[in-house]
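The chain contents come next:
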There are 2 protein chains.
Amino acid sequence: MTFSCLDQVLEFAEQSQDRFEADLAELLRIPSVSADPKFRNDIRKAADWLVEHFGKLGLKTELIQTAGHPIVYAESPPVPDAPVALVYGHYDVQPPDPLDLWISPPFEPTVRDGNLYARGATDDKGQMLTHVKSVESWLATGKQLPLQVKFLIEGEEEVGSEHLENFLSGNADKLACDCVVVSDTSQFARGVPAITYGLRGIAYYEIRLTGPNRDLHSGVFGGAVTNPVNALNRILAALIDETGRIQVPGFYDDVAPLSEQEQAEFRALPFDEAAFQRDLDVEGLTGESGFTTLERRWGRPSFDVNGIWGGYQGEGEKTVLPGKAAAKFSFRLVPDQDPDAITASLREMLQRLLPPGIRMELIESHRAPGIVFPLESVYLQAAAEAIEQGFGRRPVFIREGGSIPIVSTFARRLGADVLLLGWGQNDDNLHSPNEKFSLADFHRGIAASAALWDRLAAVCHE
Amino acid sequence: MTFSCLDQVLEFAEQSQDRFEADLAELLRIPSVSADPKFRNDIRKAADWLVEHFGKLGLKTELIQTAGHPIVYAESPPVPDAPVALVYGHYDVQPPDPLDLWISPPFEPTVRDGNLYARGATDDKGQMLTHVKSVESWLATGKQLPLQVKFLIEGEEEVGSEHLENFLSGNADKLACDCVVVSDTSQFARGVPAITYGLRGIAYYEIRLTGPNRDLHSGVFGGAVTNPVNALNRILAALIDETGRIQVPGFYDDVAPLSEQEQAEFRALPFDEAAFQRDLDVEGLTGESGFTTLERRWGRPSFDVNGIWGGYQGEGEKTVLPGKAAAKFSFRLVPDQDPDAITASLREMLQRLLPPGIRMELIESHRAPGIVFPLESVYLQAAAEAIEQGFGRRPVFIREGGSIPIVSTFARRLGADVLLLGWGQNDDNLHSPNEKFSLADFHRGIAASAALWDRLAAVCHE
């Protein structure tokens, strides 16, 4: 493997830009909306498109049926003594509603100002395709890839990847790899590419309180019968104090502190807190004291009520003492917090807070631990070099406050580091009308991906 | 005025029971639903029915147009040196929905087990009519009534009596009276007639909190951006402590304590707390410590959240940090709390509790002070004697936790004591399907009302 070989690859990619864009547009024209059964045929069409595409590249390709939408799997030949990379992506997209807010129709890809507008442009067809096109570029040189690349492209990411976990657990050998490559996130800012090396976990609950067996007149009963909405307010307020500190016993016991290196990396980022507030139209931020905004969002746990309801929500006034109240709430978790231990402690605390006359049901919903890949990982460092090659700038290392459950699943099931290499921009409108992907980022992503195969192969050869 | 005269009146009433029931049924057949414009003609029909009915009795009668539904006014001739009683009632009814839960149709009055089932049977056509029929019985003796009786029967009680206050303030002379008689409440229990001598007031609000200008991802922003639902929980929880004590500064400053006589009256009532809990299906009650359940419901202020909403309320989970949250809440007030002073103190407290990044809008809604008529009132005592005559048992003196805004309006505008003489039962299903009124209570109410004119007249003559 020589450096001039990568040059050849990159040159091919550059010369193929128009064709690569045309291929992406073709895939974007298929409305593969996973949430809506009426698009079932289009889901299948998108999967078939990929199978055909991988087949043309000469990859060993399979269409794998699940109880839901099919998984597309493809792999290049094994390369002895070289690592194995598994590319994960998804061909399904979010529903395009509300349609009337789209400037050009969601499934008619349209270029404006260097951006390609379409549902799925960035999430995830465009980003996913960069890795397909980088492999195509390598193979076009007439040589083998310097390492084995496996593709796992699913069709249920936007509806919870219900059948993927099962597939992973049943196919650990087939999917065995040294690192997983996922391009389904964003750069830190325009012109600032990033590698996301940590994600917060989540523990999501629904709490339902039942008081009297019917809605009561608040005049006749108020002050004597426990009001479940009053109780819910008290209970939820007790879970976190004024300084943003979560009050569940033992909650912070296993929280891994941010390293000095991480704190330094975060401080060095071009994060404009005033602009952040202006964008959200808020006059002030809050959160756990002693931490910066980025530290709070990425490296510290949090508590949010995601939804609450009870009693009368209509116009005017109704003097009701409601019979029921409920809320959805969640903790964001960081390494090494254990969602199960937290749930147990939470349940005990809630039971203790319950006033007389109120019954509680606590429904445990989604749970995933936080995850951090070590900054020293050779794969992370290889990816950083590849991004520098593709984007002309060394990436920053960031964490992400959200959870990408599949990432922890990969880490757990395959024992591999996951490289989150986001080519998108924060304003790409994913899940919103006018989703877009910068064509420049598309091509830079292809170049970075092409370089990634080179750098990852070098990891083993060094 | 002799006692034997009342005997004649009561005898006439007893002999006229069938006809009185037929008249009530006729009025109940008119679906005078005030909330729904499609019943506008029926509203008018019910008003006309009353006008005709009063006319037949020889009363001076008027149909008074308002910007809403008409008011029916009628009066007997003035009686020198005797007090004047004003009967207030309403001819409009609640909507009958849900229709499928009615055993017999709501506007086809049907007798089962001695109860007359129909929308409006107890609220308020049946109860109101007892006073019309008692006057009819008096006049049937061929003599004058021993005092002047004025009737004020409105058609908008179930929709907030919007145009009544105006009418009262513009007609204080016409309506001048010594006491107002209202039968629109219930007996304390089966066989335990009651006079309600006090009502709680109310101060009702809607609070709207706005955080970020859009719903945010709770993973990406949670822990740094103030969550308006979290803020709302904290704020509402801060308004009342665990022991049921309201925390608004100065809230209790003007609370008139319950007198020893009142406490003794309440303790003597046949109130079964275990049955009360069983009926509501709750295992335990709460409330301000140091007070009994009846004291809490009738004589102490309370705080209830009447409705709350924010964020995601659908199935499953949505990891949203909502941009908005809101709640409706109200205080029940007792004499001599001032709703305006409380609102001012509340507003200041809420402002102080508001965390950074949250804007608040507090909408002041309905407000009415609590009211208590002195137990020593000669009119109350006269009514007690009349009820003993009609029901064969001396009434208990109770208060009511709810607010009947019109009562304070009468007290304020006319400077008169208001006698709340409820002939209904607690399980008469007012505002619910299968509303009913015991025919025995209907006739006992007529007898009590007939005796009331006698006893009230005696007040002045004693």
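Residues numbered from 1 in each chain as written. Chains lettered and ligands numbered in written order. Predicted model: local features only at pLDDT ≥ 70, side-chain atom pairs only at ≥ 80, totals over all residues.

When helices and strands are tallied, chain A shows 14 helices and 18 strands. Taking 462 residues into account, the globule formula puts the C-alpha radius of gyration at 23 Å, and chain A, at 24 Å, falls close to it. For chain A, the spread of C-alpha atoms along the principal axes amounts to about 85 × 50 × 45 Å. Counting all 462 residues of chain A, 54% fall into the buried class. (Helix = DSSP H or I, 4+ residues; strand = E, 2+ residues; numbered from the N terminus. Rg over C-alpha atoms; globule rule 2.2 N^0.38 Å. Buried ≥ 20, exposed ≤ 12 C-beta atoms within 10 Å, placed from the backbone.)

Overlay of chain B on chain A (RMSD 0.1 Å): rotation 180°, translation along the axis 0.1 Å. The transformation just described matches what one would write down for a two-fold rotation axis. (Least-squares fit on C-alpha atoms with pLDDT ≥ 70 in both.)

Quick look at the domain arrangement of chain A now. The domain boundaries assigned to chain A delineate domain 1 (3-199 + 371-461) and domain 2 (201-255 + 301-367). Of the residues belonging to the side of domain 1 of chain A that touches domain 2 of chain A, the class tally is two nonpolar, two polar and no charged. (Domains from an automatic or database assignment. Nonpolar A, V, L, I, M, F, W, Y, C, P; charged D, E, K, R; others polar.)

The residue after D123 of chain A, namely D124 of chain A, is reached through a cis peptide bond having omega 5°. Summarising the element assignment, D124 of chain A is placed in the loop between β5 (115-117) and α4 (125-140). The peptide bond linking P335 of chain B to D336 of chain B adopts the cis configuration, its omega dihedral lying at 0°. When you line up the elements, D336 of chain B lands in the loop between β13 (324-333) and α11 (339-353). Positioned with a positive phi, D113 of chain A is a non-glycine residue whose angle comes to about 55°. Looking at the secondary structure, you find D113 of chain A in the loop between β4 (110-112) and β5. Of note in this structure, N434 of chain B is not a glycine but carries a positive phi near 60°. Locating N434 of chain B in the fold gives a position in the loop between β17 (417-422) and β18 (436-438).

Contact residues are listed per partner, giving 64 residues for chain B and 64 residues for chain A. Of all the secondary-structure elements, those providing two or more residues to the side of chain B that touches chain A are α6 (218-221), α7 (228-238), α10 (293-298), β11 (302-311), β12 (320-321), β13 and β14 (359-368) of chain B. With nine residues, the top contributor of residues to the side of chain B that touches chain A is β11 of chain B. A per-class count over the side of chain B that touches chain A returns 21 nonpolar, 30 polar and 13 charged. (Contact = placed C-beta atoms within 7 Å.)

Ranked by size, the top nonpolar core spans 94 residues in total, and within it A85, V180, I195, A383 and L419 of chain A carry the most contacts. Broken down by element, this core gets its largest block of residues, ten residues, from helix α14 (residues 439-461) of chain A. When sequence neighbours within four positions are dropped, the list of residues in contact with V180 of chain A reads L86, Y88, F410, L414, A416, V418 and L419 of chain A. Among the nonpolar cores identified, the runner-up in size contains 90 residues, and L24, Y73, V180 and A386 of chain B belong to it. (Core = buried A, V, L, I, M, F, W, Y, C linked by C-beta atoms within 7 Å.)

The strands making up a sheet are joined through hydrogen bonds of the backbone, oriented either antiparallel or parallel. All names here are of chain A. Pairing within the open sheet is antiparallel, and its three strands lie in the order β4-β5-β18. One side of each edge strand has no neighbouring strand; the edge strands of this open sheet are β4 and β18 (436-438). The sheet shows a mean angle of 30° between the axes of neighbouring strands, direction not considered. Summarising the sheet, β4 and β5 pair through three bridges and their orientation is antiparallel. Each residue of the ladder has a partner; that of V111, found in β5, is L116. (Pairing = 2+ DSSP bridges. Axes fitted to C-alpha atoms, helices over the stretch in contact; angles between N-to-C directions.)

Mapped onto the elements of the fold, L280 of chain A is located in helix α9 (residues 273-280). By C-beta crowding, L280 of chain A is classed as buried, having 20 other C-beta atoms within 10 Å. If sequence neighbours within four positions are ignored, L280 of chain A has contacts with P212, N213 and V225 of chain B.

Residue and element names in this part refer to chain A. Burial analysis of strand β17 (residues 417-422) places six of its six residues in the buried class, the great majority of the element. Residues D417, L419 and L421 line one face of β17 and the alternating positions V418, L420 and G422 line the opposite face, and both faces are buried. One ladder, built from four bridges, connects strand β7 (residues 179-182) with β17; its direction is parallel. Each residue of the ladder has a partner; that of V180, found in β17, is V418.

Residues and elements named next belong to chain A. Between helix α2 (residues 17-28) and α4, the shortest axis-to-axis distance is 11 Å and the interhelical angle comes to 135°. Overall, the two elements α2 and α4 adopt an arrangement that is oblique. Relative to α4, α2 is oriented so that their crossing is right-handed. Where α2 approaches α4, its residues F20, L24, L27 and L28 are matched on the opposing element by K125, G126, L129 and K133. When its residues are assigned to classes, the contact of α2 with α4 shows five nonpolar, one polar and two charged. (Parallel < 35°, antiparallel > 145°, perpendicular 65-115°, else oblique. Left-handed = near helix turned anticlockwise from the far one by under 90°.)

So, about the confidence of the model for chain A. When the pLDDT values of chain A are averaged, the result is 94; 98% of them are 70 or greater. Interface predicted TM-score (ipTM) for the complex: 0.87; the corresponding pTM is 0.87. (pLDDT = per-residue confidence, 0-100.)

Residue and element names in this part refer to chain B. Taken in spatial order, the three strands of this open sheet run β4-β5-β18, and their pairing is antiparallel. The open sheet has two free edges, formed respectively by β4 (110-112) and β18, since each of these has just one partner strand. Here the strands of the sheet are splayed against their neighbours by 30° on average, with no regard to which way each runs.

Residue and element names in this part refer to chain B. Helix length check: helix α4 (residues 125-140), at 16 residues, gives a terminal C-alpha distance of 22 Å against a target of 22 Å (1.5 Å per residue), a fit within 8%. A large share of α4 lies buried, amounting to 14 of its 16 residues. Positive phi shows up at G142, right after α4, with a value of about 85°. (Expected span 1.5 Å × (residues − 1).)

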